[in-house]
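# Summary of structural features
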Amino acid sequence: MLNWIEKRTGFVSMTKDFLTEDVPGGASYWYVFGSATLFAMIVQIVTGIFLTFFYAPSADTAWESTRAIYLNPFTHFLLSVHYWGASAMIALVFLHLLQVLIWGAYKSPRELQWVVGVLLLLVTLVLGLTGYLLPWDMDAYFASQVSLNITGLAPIAGPILQNIAQGGGTMGTATINRFFGLHVWLMPAALVGLVGAHLAIFRHNGSAGPVVDDPRKLKVGRFWPDQMFMDAAVSFLVFVVIIFLTLFFPPFLDAKADPTNSQFVPYPAWYFLSLFGLLGLVPPSLSIGPIPLPMELIATIIVPTVFLVVVLAIPWLDRSTTRSFSSRKGILWGTTIMVIVIVILSVYAQVTTMAKQAAAPPSPSQATVLAMSETSTTSTSTTAGGGAAPSGGAPSAGSANGAKVFSTNCASCHGAQGQGSPGAFPPLANNPVVTGDANKVIGILVDGLHGSISVAGQTYNGQMPAWKGTLSNGDIADVITYIRTALGNNKASAVTQAQVNAYKP
Ligand code: HEC
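Residue numbering note: each chain is counted from 1, following its sequence as written. For this predicted model, a pLDDT threshold of at least 70 governs which residues receive local features, and a threshold of 80 or more governs which side-chain atom pairs are given and counted, while totals over whole chains, interfaces and linings are taken from all residues.

Here we come to the overall build of the protein. Helix and strand definitions here come from DSSP, where helices need a minimum of 4 consecutive H or I residues and strands a minimum of 2 consecutive E residues; each element is numbered from the N-terminal end. Check the secondary structure of the protein and you find 22 helices and eight strands. Over its C-alpha atoms, taken along the principal directions, the protein stretches across nearly 95 × 75 × 40 Å. Burial is judged by counting the other C-beta atoms within 10 Å of a residue's own C-beta: 20 or more makes it buried, 12 or fewer makes it exposed, and any count in between marks it as partly exposed, with every C-beta position built from the backbone. Counting the 505 residues in the protein, one finds 32% classified as buried. Considering only intrachain contacts with a sequence separation of at least 6, the fraction spanning at least 24 residues in the protein is 72%. Two residues form a contact once the distance between their C-beta atoms, set from the backbone, is within 7 Å.

Put into structure tokens, the structure is as follows:
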């Protein structure tokens, strides 16, 4: 049988060739980063392909289909593995690169392998960036807006590139389509091609082996079975870590992208934190004498580009003839300092983002987000299976009903715009109680309210009727959503019928 296949394909001898490859100095756990990265890439390709079965790229369906993915345990698992697989892949690429850097494995004749490797890192980062937009939730929208605006800053080609990536002057369905095309076709194709080149060059030069004065003295090991076992063991460990994170720390879906929300604080993926930190650190304007410096451009485009060019040129910048650590002090120090700077910038960005988030209005809880638009999708009943649920036009049935319930039951006391009347009925517009804890508002509606309260410096001591029995739980949920989102500057999470059903005093 094997003979039959070998005669027609040559596969058997090819595999033997591959497995008996020399490993200078014998197998080592130091060599596993490349294969572990490859493994993470395969996880991403497999989960990514299946996710396209459920995702619908357009402004009206991207968030809705992502929400459907979250609501089904099987697809939610798939998405979470893809999410953590991305982080694993990027972390492993960085570790792999760092190890090659420290060992000087980029030195002649492996310069091109290094260059292809750095390009692979770039493609991986673009994959992370484009994937970030696809859920089309608040963070996806506003974080991608930051990166698109940065693209637009680039001299000459910037505005054109931004227009192409964005698919027009503003972000919308065209943007999702561009990012989707990049994320599922162009970048994966580039990735697979570059990985092929990377491995072909690797096979051509063989493995670099440990840092020794005279590599000829090294005993030579074989790829099979020792190195193969170590590679497989570490890939398995990576898999276990991804599954652990998937099960215990699944990703979070924000509310659907709302371009009018000016208070949302976007946060980048962890691997872009250092760039984000750099942007946050530079003063908005600085000048040498009368010449103003384009600080934003420097922080977002010039510094990263110079950094990239230097990294690409490392095999030529490192002039030492041997790979020994003592002859490569400059590169080793440079690497150490860069790693420290990147970590400090990332921590700085994380801390400042968290402080801004704490100051901004709180985001709705995950349960609220996933329950959102349930009223609108059930009332239009266009949901087909677990797939995309088109959300109809802008004002959902729920909010239209909320406005109706308000004008028939509440406006007589609280005013048509929720402005209240001083001393008698408290305003509901710009009232922190209304936009605060949803459960408390549910309680006020269900059981009524009396006793002295104070709103915007005015005291009220009246009687708010209980609405339990008068209004259905669905109407109570809709009217609360209405007063929390449509009066004055009120902007708070929606309330669902499920939350009202679940309310206990
Ligand atoms: C008969 C007049 C009346 C009607 C009708 C009425 N309310 Fe009230 N509402 C009041 C009064 C009076 C208070 C203040 C109670 C107090 O002083 O303790 C109040 C308080 C509230 C509060 C709490 C405000 C705060 O700062 O604590 C909310 C929320 C509220 N009403 C919502 C509604 C909604 C929604 C409706 C319609 C379903 C409605 N009310 C209908 C009279 C009314």
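Turning to helix α4 (residues 62-71), a few remarks are in order. Of all the ten residues making up α4, nine are buried; the element is thus mostly covered by neighbouring parts of the structure. Listing the buried residues of α4 in full gives A62, W63, E64, S65, T66, R67, A68, I69 and Y70. Contacts from the buried residues of α4 go to α5 (73-103), α9 (173-205) and α15 (366-371).

Next up on the list: the nonpolar core. We define a nonpolar core as a collection of buried residues of the types Ala, Val, Leu, Ile, Met, Phe, Trp, Tyr and Cys that are connected via C-beta atoms lying within 7 Å of each other. With 80 residues, the main nonpolar core has A40, M89, L134, W136, V479, I480 and I483 as its most contacted residues. Top contributing element to this core by residue count: α5, with 14 residues. One finds L275, L278, A299 and A349 within the second-largest nonpolar core, a separate group that totals seven residues.

Let us look at the site of the ligand. Placing a C-beta atom from the backbone of each residue, we mark the residue near a molecule or strand if the atom is within 6 Å of it. Residues in close proximity to the ligand total 28 residues, the closest being C410, C413, V433, G462 and M464. When contributions to the shell around the ligand are tallied by element, the ones reaching two or more residues are α18 (411-414), α19 (432-435), α20 (438-447), β5 (449-450), β6 (453-455), β8 (463-464) and α21 (473-485). Only Asp, Glu, Lys and Arg are considered charged in this grouping, and only Ala, Val, Leu, Ile, Met, Phe, Trp, Tyr, Cys and Pro are considered nonpolar; every other residue, Gly among them, is considered polar. Taken together, the residues of the shell around the ligand sort by class into 19 nonpolar, nine polar and no charged.

Another point: the environment of N205. By the element assignment, N205 lies in helix α9. C-alpha of N205 to C-alpha of M187: the two residues are 18 residues apart in sequence and 27 Å apart in space. Non-local contacts of N205, meaning those with residues more than four positions away in its chain, are made with P109, R110 and Q113.

A few words now on the packing of helix α11 (residues 273-281) against helix α12 (residues 295-312). Contact geometry for α11 and α12: axes closest at 9 Å, N-to-C directions at 125 degrees. The orientation of α11 with respect to α12, classified from their angle, is oblique. Between α11, through L275, L278 and L279, and α12, the contact on the second element is made entirely by A299, T300, V303 and P304. Residues that form the contact of α11 with α12 fall into these classes: six nonpolar, one polar and no charged. A fitted line through C-alpha atoms represents every axis, and for helices the fit uses only the stretch in contact; the resulting angles, taken between N-to-C directions, go from 0 to 180 degrees. Here roughly perpendicular refers to angles of 65 to 115 degrees, roughly parallel to angles under 35, roughly antiparallel to angles over 145, and oblique to all remaining angles.

Right, let's talk about unusual backbone geometry for a bit. Residues apart from glycine generally show negative phi values, whereas peptide bonds are mostly found in trans. Cis geometry marks the peptide bond from S108 to P109; its omega dihedral reads 10 degrees. Within the secondary structure, P109 is located in the loop between α5 and α6 (111-133). Of note, I156 is a non-glycine position whose phi angle comes to about 60 degrees, a positive value. With phi around 50 degrees, A456 is a residue other than glycine that occupies positive phi space. Here A456 is to be found in the loop between β6 and β7 (458-460).

Right, let's get into the domain arrangement of the protein. By domain assignment, the protein separates into domain 1 (21-359) and domain 2 (396-502). All the domain ranges listed were derived from an automatic or database domain assignment. Distance between the C-alpha centres of domain 1 and domain 2: 47 Å.

A word on the environment of V211. Along the chain, the position of V211 falls in the loop between α9 and β2 (220-222). Look at V211 and you get partly exposed, because 16 C-beta atoms sit within 10 Å. For the pair V211 and T322, spaced 111 residues apart in sequence, the C-alpha to C-alpha distance is 8.8 Å. Sequence-distant contacts of V211, defined by excluding residues within four places in its chain, comprise W103, G104, R323, S324 and F325.

As a further point, take the confidence of the model for the protein. pLDDT measures the predictor's confidence residue by residue and takes values from 0 up to 100. Across the protein, the average pLDDT comes to 87, with 94% of residues at 70 or higher. Note that pLDDT drops below 50 for residues 374-395; the model gives that stretch 39 contacts with residues more than four away or on any other chain.

Another aspect to go through is the packing of α5 against α6. Interhelical geometry of α5 versus α6 gives an angle of 160 degrees and a closest axis separation of 11 Å. With respect to α6, the element α5 is oriented roughly antiparallel. Here the hand of the crossing between α5 and α6 comes out left-handed. Of α6, the residues touching α5 (which contributes A86, M89, I90, V93, L97 and V100) are W114, G117, L120, L121, T124, G128 and G131. Here the residues of the contact of α5 with α6 sort into nine nonpolar, four polar and no charged. Crossings are assigned a handedness: left-handed for a near helix turned anticlockwise from the far helix by less than a right angle, right-handed for a clockwise turn.

Assignment of secondary structure puts L487 in the loop between α21 and α22 (497-502). Between the alpha carbons of L487 and C413 there is a distance of 15 Å; along the sequence they are 74 residues apart. Residues contacting L487, with those up to four places away along its chain left out, are Q417, G418, L428 and A429.

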